[in-house]
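# Coordinates in review
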Amino acid sequence: MHRFRFGIRLKLVVFSSFLFAIPWLGYQYVWELETYLRIGQEQTMVGTARAVATALHERPVLFNSQSAFLSDVKPGTDLYAYQIAYPIQLDGKLDDWQEYQHLMINYGEPYLIDQVQDYDPQSLRFAHMVGQYDRYLYAMFNVIDDKVIFRPNNSLRIDRNDHLQIAMTDENGQFQRYIIAPYKAGWVNAYLLKNEIESLQPDKPETRIQGQWRNTADGYVIELRFPLSMMSSKIAFAIVDVDDMVSRKVEYTIGTANPSQEDSLGTVLVPSPEIENILKGLQYSNARVWVVDKHRRVLARSGQIQRSTGVQSEVTYANKQSWWQYIESEWLFPLYYKILTKPPADFVDELQDAYALKGQDISQALQGTPSTLWRISPDNKAVILSAAHPIYIDKKVMGAVVVEQTTNGIRTLRNKALEKQFHFFLAVIVLGTFALFLLASRISWRIRSLRNETEEAIDSHGKIVGQILPSKANDEIGDLSRTFNSVLVKLGQYNAYLENMASRLSHELRTPVAIVNSSLDNLSGENQSPESQQYIDRAKEGIGRLSKILTNMSEATRLEQAIQNNERETFNLIAVLQGCVQGYKQVYPLREFTLQLDNKSATNKVILSGAPELFAQMLDKIIANAVDFSADSSVINLSLQHTEKHLNLQISNIGATLPENMQHQLFDSMVSVRKSQSSEQAHLGLGLFIAKIIAQYHQGDITIHNLQDHSGVMVTVSFSL
């Protein structure tokens, strides 16, 4: 299995990943800075709310005409006049009220004032709301009535039919009542009633109260308008239902409050123009400001939350885009904003039409403690910060100022800071990684060069055939190169000494051996006793063995020198094999030799380039080993197989097998696996080493292995054609 290589370049690239800690630290720093900016924004908004509240402290006139002094507010009775964006067209079609439908209040059984019989929801119920535009108060009634009864044409009474009662306190605080009771659908005006509480007699028409009565499939619609100047803050509306055309008795009366009793009137809260004038200058403060009474109802407001971004962060660009801006907009920013988030251009504002506010900050402010609150818009696009501060009148909290801003400005500044930091981080990472990669490549190249020089200096047999050039670099790799050069020079000198040692020993020992041998010959020529002759024969036998050892030791050296000086020639391999086999049969009569040729080799000449006498010497060494490791009368087989690219010569014998751990070492010098040696032969383990040298001279490769059935050994010599 191939093992993954974790090289120097890859290591440095991996270690360079720690450079990503730089943008992470910068990113955390910017986030921490944003936290401090938010704290600063929070303190600034509290200061703004305090400044606005200071302008409203101890000014009861701003609250007297409102309902702020009520101890409790009853929904449906104490009304709120919403700010209407455009004037209402009094046509009874309710088209102008569509965007305010969610603010309408449904009146039914809980708001019954007079009840003659059991209540039937299909007989009478209505939806109602009031709004304020400019100096007028608008009101609408969408009435569900199963029978609409108008006032008879010749009737002077205005209470024996379906009608609308209005009660209010005028600008002087006087209790006034009005009735709208038309003869038919269409344009309507009100009648001012006389002061008798029990009487519903009209005193005079009130043309300031005007509107439209329009019949519908399930009832009728009334749209009204009257000036805010004709009322103070108390008001009540009531729809009176008459269903019997004959008796014309009142069946039900449903309303916001009882219009016949001044004490039971509800209130209508109209946003204060005086407070709005005070807040008018705050529309340039980049914030939305609310003023609420102690019942949390909105008295005035200024600004829009979508534009209240807090910190000003407008970005201006040149008309002509530069190449760097093009790269930023097309490549870098899209990458950065995979992580960053852009502040939304628009988001859902749940308080857009709010007439009452709620929140922990307002609750604490109405208890006398300034407070802040962070909240998220319903669509999770914007973070909104609100700060509330109490308003005091006679040491009592009468309301609160609420200032709101989004964090879009801070988020924009954060994004711009991170954009610039990301430019720097990206440059540092890219350039740093590239520099480290170049450094790693340079180091890796120098190490690989040193490795290649080392491998080329020593061949596959361990001989030193080249040298390592010492590096001039004054660093660790240069030191290593110079050390390798020094070691290789010393090893070359030592190997040269070892290579010449055999020939030197042979040269130096041959003269003493010749002297001893001649002396023994002289002794043998003289008459010796049998006992002395025995010692002389044994000495001559030892001298003969020593001479053969010296001959074998110098044979490999002489062979290498002969190969270097020998000129190549082409020869017929088949003829050499046949001649050698005939000679082996005579030299080794106790063995049987066979030569097998494949069809291609038998019909064609097999030409080989080299030296036929050296090839025969190689065969002699292999056959000598085969004879030594085989039994008498056994067969030694030579087989020649010829293919398109290779020529394989196989020599096999039946006999002892090779140890498993020695098959690759037998071709080394001085290696032998003989368990016992003949007294007549000296074996130094040089035979197969010489055979390998000759095979390599003929561009061949030699291997040895046991037969598959472990009955013997096979030597294979393969030549490339």
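Residues numbered from 1 in each chain as written. Predicted model: local features only at pLDDT ≥ 70, side-chain atom pairs only at ≥ 80, totals over all residues. Heavy atoms only, no water.

The next point concerns the overall build of the chain. Broken down by element type, the chain carries 13 helices and 25 strands. Going through the 721 residues of the chain one by one, you find that 42% of them count as buried. (Helix = DSSP H or I, 4+ residues; strand = E, 2+ residues; numbered from the N terminus. Buried < 20%, exposed > 50% of the residue type's maximum accessible area, 1.4 Å probe, protein only.)

Turning next to the packing of helix α12 (residues 612-628) against helix α13 (residues 687-697). The interhelical angle for the contact between α12 and α13, taken along N-to-C directions, is 145 degrees, at an axis separation of 9 Å. Crossing geometry of α12 relative to α13 is assigned as left-handed. In this structure, α12 uses L614, F615, Q617, M618, K621, I622 and N625 to contact α13, whose residues at the interface are G687, L688, I690, A691, I694, A695 and Y697. Looking at the contact of α12 with α13 residue by residue, the classes come out as ten nonpolar, three polar and one charged. (Axes fitted to C-alpha atoms, helices over the stretch in contact; angles between N-to-C directions. Left-handed = near helix turned anticlockwise from the far one by under 90°. Contact = heavy atoms within 4.5 Å. Nonpolar A, V, L, I, M, F, W, Y, C, P; charged D, E, K, R; others polar.)

Strand order in this open sheet of five strands is β20-β22-β23-β25-β24, and the pairing throughout is mixed. Two strands bound the open sheet, and with one partner strand each, they are β20 (592-597) and β24 (700-706). On average, each strand axis in the sheet is tilted by 15 degrees relative to the strand beside it, whichever way the strands run. Each of β20, β22 (635-642), β23 (646-654), β24 and β25 (712-720) touches α12; the most contacted strand, β23, lies at about 30 degrees to it. Contacts from α13 reach β24 and β25, with the element oriented near 140 degrees to β24. (Pairing = 2+ DSSP bridges.)

Of note in the backbone geometry, D394 takes a positive phi value of approximately 55 degrees without being a glycine. Within the secondary structure layout, D394 lies in the loop between β17 (383-393) and β18 (396-406). The phi torsion at K395 lies on the positive side, around 65 degrees, for a residue other than glycine. With respect to the secondary-structure elements, K395 resides in the loop between β17 and β18.

This part covers α12. With 17 residues, α12 should cover 24 Å at 1.5 Å per step; its first-to-last C-alpha distance of 24 Å lies within 8% of that length. Those residues of α12 that fall on the buried side of the exposure criterion are L614, F615, A616, M618, L619, K621, I622, I623, N625, A626 and V627. (Expected span 1.5 Å × (residues − 1).)

This part covers the pattern of salt bridges. Overall, the coordinates contain eleven salt bridges when judged by the stated rule. Note that E404 and R288 form a salt bridge whose closest N and O atoms lie 2.7 Å from each other. Taken together, the residues span a long stretch of sequence, with E404 in strand β18 and R288 in strand β14 (residues 288-293) at a distance of 116 residues. Taken as a pair, E404 and R288 share a single burial class, namely buried. Here the salt bridges do not stand alone but share partners, grouping R288, D349, E350, R375 and E404 into one network. (Salt bridge = Lys/Arg side-chain N within 4 Å of Asp/Glu carboxyl O.)

Attention now moves to the environment of V513. Here V513 lies in helix α8 (residues 476-525). Each C-alpha atom, one on V513 and one on L546, is 7.9 Å from the other, the two residues being 33 residues apart in sequence. Beyond its immediate sequence surroundings of up to four residues, V513 is in contact with I543, L546, S547 and L550.

Burial along strand β13 (residues 266-269) is two-sided: the residues G266 and V268 and T267 and L269 are all buried. As judged from the two bridges shared by strand β1 (residues 79-83) and β13, these two strands associate in the parallel manner. From the neighbouring strand, Y80 faces β13, where its bridge partner is L269. Across two bridges, the pairing between strand β11 (residues 234-242) and β13 is antiparallel.

Turning our attention to the packing of helix α2 (residues 21-56) against helix α7 (residues 408-457). Interhelical geometry of α2 versus α7 gives an angle of 165 degrees and a closest axis separation of 10 Å. The orientation of α2 with respect to α7, classified from their angle, is roughly antiparallel. Judged by the sense of rotation from one axis to the other, the crossing of α2 with α7 is right-handed. Mapping the contact onto sequence places I22, P23, G26, Y27, Y29, V30, W31, E34, L37, R38 and Q41 in α2 and I410, R411, R414, L418, Q421, F422, F425, V428 and I429 in α7. (Parallel < 35°, antiparallel > 145°, perpendicular 65-115°, else oblique.)

What follows is about a nonpolar patch on the surface. Together, Y494, Y497, L498, M501, L505 and L509 give the surface a local cluster of nonpolar side chains, amounting to about 530 Å² of exposed area. Among the secondary structure elements, L505 is positioned in helix α8. (Patch = residues over 30% accessible without salt bridge, like charges linked within 9 Å, V, L, I, M, F, W, Y side chains within 5 Å. Areas by Shrake-Rupley, 256 points an atom, 1.4 Å probe, with all protein chains shown as cover.)

This part is about the nonpolar core. Among the nonpolar cores identified, the biggest contains 51 residues, and W97, M129, L279, V291, L357 and V401 are the most heavily contacted of them. Those residues in contact with V401 that sit more than four places away from it in its chain are A49, V52, A53, L56, V289, W290, V291, A387, A388, H389 and I391. Listed in part, the 43 residues of the second largest apolar core include A611, L638, A691 and V715. (Core = buried A, V, L, I, M, F, W, Y, C linked by side-chain atoms within 4.5 Å.)

Our next topic: the sheet that holds strand β16 (residues 371-376). Pairing is antiparallel in the open sheet, where five strands are placed in the order β15-β14-β18-β17-β16. Across the chains shown, the open sheet's two edge strands, defined by having one partner strand only, are β15 (298-302) and β16. Between one strand axis and the next, the sheet turns through 20 degrees on average, direction left out of account. As paired strands, β16 and β17 are joined by six bridges and run antiparallel to one another. Residue I376 lies in a different strand from β17, and its bridge partner there is V383.

Turning our attention to the packing of aromatic side chains. Evaluation of the coordinates by the stated rule reveals twelve aromatic pairs. Ring centres 5.6 Å apart and planes at 50 degrees place the aromatic pair F150 and W213 in the tilted group. Placement of F150 in the loop between β5 (136-145) and β6 (163-169) and of W213 in strand β9 (residues 202-216) is noted, with a sequence separation of 63 residues between them. Each member of the pair, F150 together with W213, is buried. Among the aromatic residues, ring-to-ring pairing joins Y107, Y111, F126, F141 and F237 into one connected group. The residue whose ring lies beneath R225 is Y136, and the NZ or CZ to ring-centre distance is 4.7 Å. Cation over ring: R568 sits above Y697, and NZ or CZ is 4.2 Å from the ring centre. (Phe/Tyr/Trp six-rings, centres within 6.5 Å; stacked < 30°, edge-to-face > 60°. Lys NZ or Arg CZ within 6 Å of the ring centre and 35° of its normal.)

As for its placement among the helices and strands, K74 is situated in the loop between α3 (61-64) and β1. Owing to a relative accessible area of 52%, K74 belongs among the exposed residues under this scheme. Spatially, the C-alpha atoms of K74 and T267 are 9.3 Å apart, while their sequence positions differ by 193 residues.

Moving on to the confidence of the model for the chain. For the chain, per-residue confidence averages 83 on the pLDDT scale, and 89% of positions sit at 70 or higher. Counting contacts from residues 676-680, a segment whose pLDDT is below 50, to residues more than four positions away or on other chains yields three contacts. (pLDDT = per-residue confidence, 0-100.)

As for its placement among the helices and strands, T169 is situated in strand β6. There is a polar contact of 2.4 Å between the side chain of T169 and the side chain of S232. Apart from the residues within four sequence positions on either side, T169 is in contact with Q174, F175, M230, M231, S232, S233, K234, E262 and L265. (Polar contact = N/O pair within 3.5 Å; in protein donor to acceptor, adjacent residues only side chain to side chain.)

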